[in-house]
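# Fold and geometry: a report
Now for the letters of each chain:
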Amino acid sequence: MLISFSCFAQHTSVSGAIIDAANGQTIPMVDVTFAGSHNATRTDSLGKFTLSAAGNFSQIVISAIGYRPLTKMIIAGTANEVAIKLEKYQTQLLEVSIKGQRSKSYRNKDNPAVELIRRVIAHKDANRPQKAEHLQYDQYEHTALRVYGIHPALVNNFVLKPYRFMYDTAGGKIAMEAYLSEKKYRLYLQKTPEKSIKVLTAQKEANILKFIDTAGVNIYVNRLYGDKVDIYENNIFIVNYQFLSPIADHAPDFYKFFITDTIRTAKDTLIELSFIPRNKGDLLFEGHLLVTLDGSYAVTSCALNVDKEINLNFLRSLQVNLDFEKQPSGHYFLTKTNTKADFGILKNRGAGLSGERTIRYTGYLANQPMSAEFYGGNAEQIVPGFDQKDSLYWASQRPDTLPEKQAEYYRQVGRLEKMPQFKRATWIATTLSTGYADLGPFQFNTAYLASYSTIEGIRLGLGGRTTPKFNKNIYLEGYLAEGLLDHQFKYNTTVYYTVNAIPFYRYPNNYLKFSQQYDIGLPGNNSSAGNFRTPISSFQTGTDRYYFYSRIFKLDYVKEYDNHLSFDVDFYQRSDKAAGSLTYTMNDPQQTLVDHITSSVFTLGLRYAPHEQIYQGADYRHTIRNNYPIMTVLFSQGIQGLLGGTNQYSSVTTTIQKRLYESQLGYADVTLLGGMIAGKVPYPLLNISNANQSIVYSADGYNQMHYLEFVSDHYAGFNITQNFNGFFLNKIPVIDRLKWREFLSFKILYGGLRDENNPALTSGLYNFPVPAAGASGTYALGSTPYTEAGVGIGNIFKFIRIDGIRRFSYLDHPGISKTGLKVSLRVGL
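Below you will find a few notes about this structure. Throughout this description, residue numbers start from 1 for each chain and increase along the sequence as written. Only residues with pLDDT of 70 or above have their local features reported here, since the model is predicted, and side-chain atom pairs are shown and tallied only from 80 upward, although totals for entire chains, interfaces and linings are computed over all residues. Each side-chain value is derived from all of the structure's non-hydrogen atoms; neither hydrogens nor water enter the calculation.

### What about the overall build of the protein?
The way it works is that DSSP assigns letters per residue, a run of H or I at least four long becomes a helix, a run of E at least two long becomes a strand, and they are numbered from the N terminus. For the protein, the helix and strand inventory stands at 10 helices and 46 strands. Over its C-alpha atoms, taken along the principal directions, the protein stretches across nearly 120 × 65 × 60 Å. Think of it in three bands: with a 1.4 Å probe and only protein chains considered, a residue is buried below 20% of the maximum accessible area for its type, exposed above 50%, and partly exposed in between. Counting across all 829 residues of the protein, residues that qualify as buried make up 50%. Only heavy atoms matter for contacts: two residues are in contact if any of them lie within 4.5 Å across the pair. Intrachain contacts of the protein at a sequence separation of at least 6 include 62% that bridge at least 24 residues. Only the protein chains shown count as cover for residues, and the accessible areas themselves come from Shrake-Rupley with a 1.4 Å probe. Surface summary for the protein: the accessible area is close to 39,400 Å², and the carbon and sulfur share equals 58%. Neither His nor the chain ends is counted toward charge; the positive residues are Lys and Arg and the negative residues Asp and Glu. A charged residue contributes its charge at one atom only: NZ of Lys, CZ of Arg, CG of Asp or CD of Glu. Seen as two clouds, the 85 positive and the 72 negative side-chain charges of the protein have centres 5 Å apart.

### Thoughts on the packing of aromatic side chains
Describing an aromatic ring pair means giving the distance of the ring centres and the angle of the ring planes. Two aromatic rings from Phe, Tyr or Trp, using only the six-membered ring of Trp, form a pair when their centres are within 6.5 Å; if the ring planes differ by under 30 degrees the pair is stacked, by over 60 it is edge-to-face, and anything between is tilted. Here the structure, examined in full by the defined rule, presents 37 aromatic pairs. Between Phe 243 and Phe 285 the ring centres are 4.8 Å apart and the planes differ by 25°, which places this aromatic pair in the stacked class. In this pair, Phe 243 sits in strand β13 (residues 241–244) while Phe 285 sits in the loop between β15 (269–277) and β16 (286–292), placing the two residues 42 residues apart along the sequence. Residue Phe 243 shares its accessibility class with Phe 285, and that shared class is buried. Centroid distance Phe 724 to Phe 728: 5.2 Å. Interplanar angle 70°. Geometry classified as edge-to-face. Residue classification places Phe 724 among the buried residues on the basis of a relative accessible area of 13%. Among the aromatic residues, those joined into a ring-pair cluster are Tyr 475, Tyr 496, Phe 504, Tyr 505 and Tyr 511. In our convention, an over-ring charge means Lys NZ or Arg CZ found within 6 Å of a ring centre and within 35 degrees of that ring's normal. Positioned above the aromatic ring of Tyr 561, the side-chain terminus of Lys 559 is 5.1 Å from the ring centre.

### Regarding unusual backbone geometry
The omega torsion of the bond from Thr 192 to Pro 193 falls at -10°, within 30 degrees of zero and hence cis. With respect to the helices and strands, Pro 193 occurs in the loop between β10 (175–190) and β11 (195–207). With an omega of -5°, the peptide bond between Tyr 507 and Pro 508 qualifies as cis. Unlike most non-glycine residues, Asn 367 shows phi in positive territory, near 55°. With respect to the helices and strands, Asn 367 occurs in the loop between β20 (352–366) and α7 (372–375). The residue Val 734 is not glycine, and still its phi comes out positive at about 75°. Tracing the chain through its elements places Val 734 in the loop between β41 (714–723) and β42 (741–752).

### Examining the sheet that holds strand β40 (residues 710–712)
Two orientations exist for strands paired in a sheet by backbone hydrogen bonds: parallel and antiparallel. A pair of strands is labelled paired if DSSP reports no fewer than 2 bridges between them. Sheet architecture is open: three strands sit in the order β39-β40-β43, paired in mixed fashion. If you trace the sheet from one side to the other, it starts and ends with β39 (687–688) and β43 (779–780), each paired once. Pairing geometry for β40 and β43, over two bridges, is parallel. Bridge assignment links Phe 710 to a residue of β43, and that residue is Tyr 779.

### Re helix α9 (residues 404–416)
For α9, with 13 residues, the first-to-last C-alpha span of 18 Å sits near the 18 Å given by 1.5 Å per residue. Bend angle per residue: angle between axes fitted to the 7 residues ending at that residue and the 7 residues starting there. Considering bend angle alone, the principal kink of α9 is centred on Tyr 410 and spans about 30°. Those residues of α9 that fall on the buried side of the exposure criterion are Gln 406, Tyr 409, Tyr 410, Gln 412, Val 413 and Leu 416. Lining the buried residues of α9 we find β8 (134–148), β10, β11 and α10 (420–434). Take the number of residues in a helix, subtract one, and multiply by 1.5 Å to get its expected span.

### A few points about the nonpolar core
Only buried residues count toward a nonpolar core. Its members are Ala, Val, Leu, Ile, Met, Phe, Trp, Tyr and Cys residues joined through side-chain atoms within 4.5 Å. By size, the foremost hydrophobic cluster in this structure holds 67 residues, and its most contacted members are Ile 231, Phe 243, Ile 247 and Phe 285. Looking at which element gives the most residues to this core, the answer is helix α3 (residues 112–122), with six residues. Core analysis: the second largest hydrophobic core is formed by 22 residues, Tyr 572, Met 586, Val 601 and Tyr 683 among them.

### Notes on the side chain of Arg 465
For Arg 465, the location among the structural elements is in strand β25 (residues 457–466). The charged side chain of Arg 465 is buried without a salt bridge, its nearest counter-charge being Glu 477 at 4.7 Å. In this structure the side chain of Arg 465 is engaged in a polar contact, spanning 3.4 Å, whose partner is the side chain of Tyr 436. Setting aside chain neighbours within four positions, we find Arg 465 in contact with Tyr 436, Pro 441, Phe 442, Gln 443, Leu 476, Glu 477, Phe 504, Tyr 505, Ala 618 and Asp 619. The salt bridge definition used is simple: a Lys or Arg side-chain nitrogen within 4 Å of an Asp or Glu carboxyl oxygen. In protein, a polar contact means a hydrogen-donor-capable atom and an acceptor-capable atom, both N or O and within 3.5 Å, with residues adjacent in sequence counting only if both atoms are side-chain atoms; elsewhere, any N or O pair within 3.5 Å suffices.

### Things to note about empty space enclosed by the protein
The way it works is a 1 Å grid over only the protein atoms, where trapped points that fit a 1.4 Å probe form a cavity and open points with protein on both sides within 12 Å along at least five of seven lines form a pocket, and then any residue with an atom within 4 Å of a point lines it. Grid points are joined across faces, edges and corners, and a volume is the space filled by probe spheres set on the points. Scanning the model with the defined rule gives six cavities of 30 Å³ or more in all. As a volume, the largest cavity reaches approximately 150 Å³. Taken together, the elements giving at least two residues each to the lining of the largest cavity come down to β8, β18 (315–326) and β20. Class assignment of the residues belonging to the lining of the largest cavity gives a composition of 12 nonpolar, one polar and two charged. In this structure, the second largest cavity encloses a volume near 60 Å³. The wall of the second largest cavity is formed by Ala 609, Pro 610, Glu 612, Thr 623, Ile 624, Arg 625, Asn 626, Tyr 628, Pro 629, Ile 630 and Gln 657. Considering only residue class, the lining of the second largest cavity consists of six nonpolar, three polar and two charged. In this count, Pro and Cys sit with the nonpolar residues alongside Ala, Val, Leu, Ile, Met, Phe, Trp and Tyr, while Asp, Glu, Lys and Arg are called charged and the others, Gly among them, polar.

### A few points about the pattern of salt bridges
This structure, assessed with the given rule, holds 26 salt bridges. Linking Glu 456 and Arg 459 is a salt bridge whose minimum nitrogen-to-oxygen distance equals 2.8 Å. For the pair Glu 456 and Arg 459, a shared accessibility class is recorded, and that class is buried. Between Lys 490 and Asp 486 there is a salt bridge, with its nearest N and O atoms 2.8 Å apart. Of the two residues, Lys 490 and Asp 486, neither departs from the other in class, the shared state being buried. Taken together, the salt bridges that share partners define one network made up of Glu 456, Arg 459, Asp 486, Lys 490 and Asp 519.

### Concerning the environment of Ile 624
Within the secondary structure, Ile 624 sits in strand β35 (residues 621–624). Sequence separation between Ile 624 and Tyr 220 is 404 residues; the distance between their C-alpha atoms is 8.1 Å. Setting aside residues no more than four positions away along its own chain, Ile 624 makes contact with Ile 219, Arg 223, Gln 613, Ile 614 and Tyr 615.

### Section: α10
If you check α10, its first and last C-alpha atoms are 21 Å apart, about what 15 residues at 1.5 Å a residue would give, namely 21 Å. Looking at α10, one finds that the buried residues are Phe 422, Thr 426 and Thr 431. Directly beyond the C-terminal end of α10, a positive phi value near 85° is found at Gly 435.

Don't take any of this as a statement about function, it's just geometry.
See below:
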């Protein structure tokens, strides 16, 4: 009888999507249940669901945290397609939970939710996909940015009216797609020895912001929307910050956990754990996750949001949803991540930027290794023709259908790029944002037009460079300038020959360079470390009475490799003429005045930045910091008698920079530096400590040190700046509303000067400058280290940082100040 019943029983199924009635966005992690049964499912990260069971079910019950429950009629015994809108409660349930804890204090002890999360934490290693010795899988990435809330006046403006075909006015709100990227990868992981290989097989991209470095935008957007969101890691890097995972080792110390539901499916019994931050301003999530009760305590899905009071600028909302699927091995592997984040200048109104990044993981293969030779290949590889895939390929390879507006965007950008108006607008935007006006084979550099310093007065000039339209291998660059106060004519002429036909200002470099230059500088600038032009700030503490005019001839070769190892071999001949209060005076009885000092130097520079990601500007690079160190070494050899070189010496300098991410305590930027000079040299060729008399804070310079105050022929230093990201200020009533962030810095510099380089002990050297007119003079860095420390408050009005600096040693030097204030400007999240 039971067999007969099961064979003839009717089957009911229902599928569809659930959306927010207020904003039209899909809602993930919504419970859908056949009324009166235990048959249930949940919506995925895109708000879609399918529920099917044997039986005559005429109702489904829909419930989600923060929304009013809904019961909907369906047709029993058939397949139903539905679209359901849910309305939010006036008061969010998470907020009610927070208020409810006032009457009964929350405790970890004897809390079943905390006991359950501790078991999840204890089983993390066993549930990681990386536990397999070898693992392969496919990865599809879809990233889209959309500008919304555009004012109607802009759409109807005569300048922007020709672009109306780009706008979307659905729902009465004007929006426009701005960026769209699709990528497909195949990944290969090996546990021992550890190796990861990522092969890019296909890519398609459209971007209307042509004046911005497209590769850099792609990297930045990926980091902004989570390059890889791994719930099993202690920290999740997203929106440029580290968030503590709700299943981090010490999560119960920072989160409050609640058991909010039990869900029984045909395969598993799951527990829903909700969590909220103990402090709303900290970099923590709120949301819920589903955990299995089969003894593995694996996470099967997760929804992460942030509190509206979190200490982040311009962030209006953040939603992260993770879906896992059970594999034949019994483990749950990540199959989808979906991240949505909205940003705007104003918190709740006005135009904004909405972005979404979806990553699908498919084709998992465990313990099926490739050859040993394969794992010896590059960590990042590209398949030839990766960017030539047609629309049929993408239609068959996308895990989800591309939204209609985004599919249309590809065509719109193609039309846009043919419009003369857009070409002119892009040219203007590029000129304003980069400082280079593109005239085809030549780019005019607007940065050289005018500047000001107390030494040069108003400085007027012209400069520019050629482009690949002039020649793909040969590039010319230079400028002409003159100060109206010092009446000195300055110039630079440079010729590049690029071996790889890539412009010298683009990665990777592989060029031969010849340059000749005459310009002004401050003592301590190292001409061998790159282009020589020291910007002199108009706002100084103390006096900038020491400077010189330098004439440099330079020939060098630069080569960069894909692994971000690079070297620079060069020869330069440099002649420095003292100016202002700076003099080159011999320590002989006659106090002979030397007009200039000439050096002929060979150098070899090495730099290694593993896993480096860069944002490429028009003529500069910005390294997007990660967990890996950046190491540089510079060897120099001065040759006496070669092209007028007056000194024979050898030197080596090195720096190691690293950012240490510390989860809720923010991060620390640490620098180790050192150097040594072998040989007898006058003070202009010694190591001149990196002073900063500008009112602008310098992370690398000594902010209470005067220019040319210390020289040495051997030194070692340690710098650290700790950014707490508001961890302590977030917990002070009233102050927490300001969203300020605290900084601590400490710098120490050891060094010394051998007798052979001390003009007070050895003849044939130049006298150190003496204190005068508010300057401290020049001194040998002694056995007592130079030390300074600072306390800073940042994010004032979202972009101002003020640091108070205290100097602790060499306080008897004339003209110095023990304390000072430095200001810096930074706009960021």
